[in-house]
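# Topology and contacts: notes
Letter by letter, the chains look like this.
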Amino acid sequence: LISLEKIIKHYELTKSFIKVFYTTMNLDLSISADYSKTNKTALVKHFVSNKKNNYINQPPTEPQLWVKNISKILNYVSTIEKRGGKVVFIRFPTDKGHWKLDEEFYPRSLYWDKIKGVSTVHFKDIKGVGKIDLPDSSHMDAKDTVKFTKLLFDYLLEHDYFKH
């Protein structure tokens with residue numbers, strides 16, 4: 001949130017008002033982003049740099065321990081499914097250097113592909129998702145969310161994820 005005090009200080013320094021922020025929180029608490037209001041190049045640089053620093057400062061869990069930790073989560077999955085729910089782990093898209101870092105520090109073959117006992121979907125397996133631009137390297141513009149959701153649901157239906 002932008003306080004009145006912050007607006008006044010900004011105006012005193014720049015003789016301009018703070019630009020409209022590019023994200024909006026919706027009534028359902030989801031957040032939509034309009035990247036046309038941003039410097040996308042700067043955002044990518046920021047997000048990718050932060051991701052790299054995160055991975056360097058907090059090295060990945062060893063693959064064997066990661067798989068063991070996932071097995072602990074399966075108790076929760078089992079509880080949900082016993083109550084009639086369906087659980088699917090979904091790996092959402094990243095790109096523009098972010099995906100390269102993800103693969104460098106958490107290679108899909110050593111982490112994601114080792115998940116057993118629960119349904120999974122990786123964005124690389126969904127046709128058409130690679131054509132959706134991720135303006136900051138890990139988030140979609142609000143204008144693309146319906147397209148992504150349709151691609152995801154079509155994939156889930158095509159691969160019988162909704163059958164019990």
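Everything here concerns the structure above.
Residues numbered from 1 in each chain as written. Predicted model: local features only at pLDDT ≥ 70, side-chain atom pairs only at ≥ 80, totals over all residues. Heavy atoms only, no water.

### Things to note about unusual backbone geometry
Positioned with a positive phi, serine 137 is a non-glycine residue whose angle comes to about 95°. Mapped onto the fold, serine 137 is located in the loop between strand E4 (119–122) and helix H5 (145–158). Here serine 137 falls in the buried class, since its relative accessible area comes to 0%. Unusually for a residue other than glycine, aspartate 160 sits at a positive phi of about 60°. Within the element layout of this structure, aspartate 160 appears in the segment after H5. (Helix = DSSP H or I, 4+ residues; strand = E, 2+ residues; numbered from the N terminus. Buried < 20%, exposed > 50% of the residue type's maximum accessible area, 1.4 Å probe, protein only.)

### A word on the nonpolar core
Core analysis: the biggest nonpolar cluster contains 14 residues, and Val121, Ile126, Val129, Phe148 and Leu152 have the highest contact counts within it. It is H5 that provides the largest number of residues to this core, a total of five residues. Contact partners of valine 129, with chain neighbours within four places excluded, come to Pro93, Phe123, Phe148 and Leu151. Core analysis: the next-biggest nonpolar cluster, separate from the first, contains nine residues, Trp66, Ile70, Ile115 and Val118 among them. (Core = buried A, V, L, I, M, F, W, Y, C linked by side-chain atoms within 4.5 Å. Contact = heavy atoms within 4.5 Å.)

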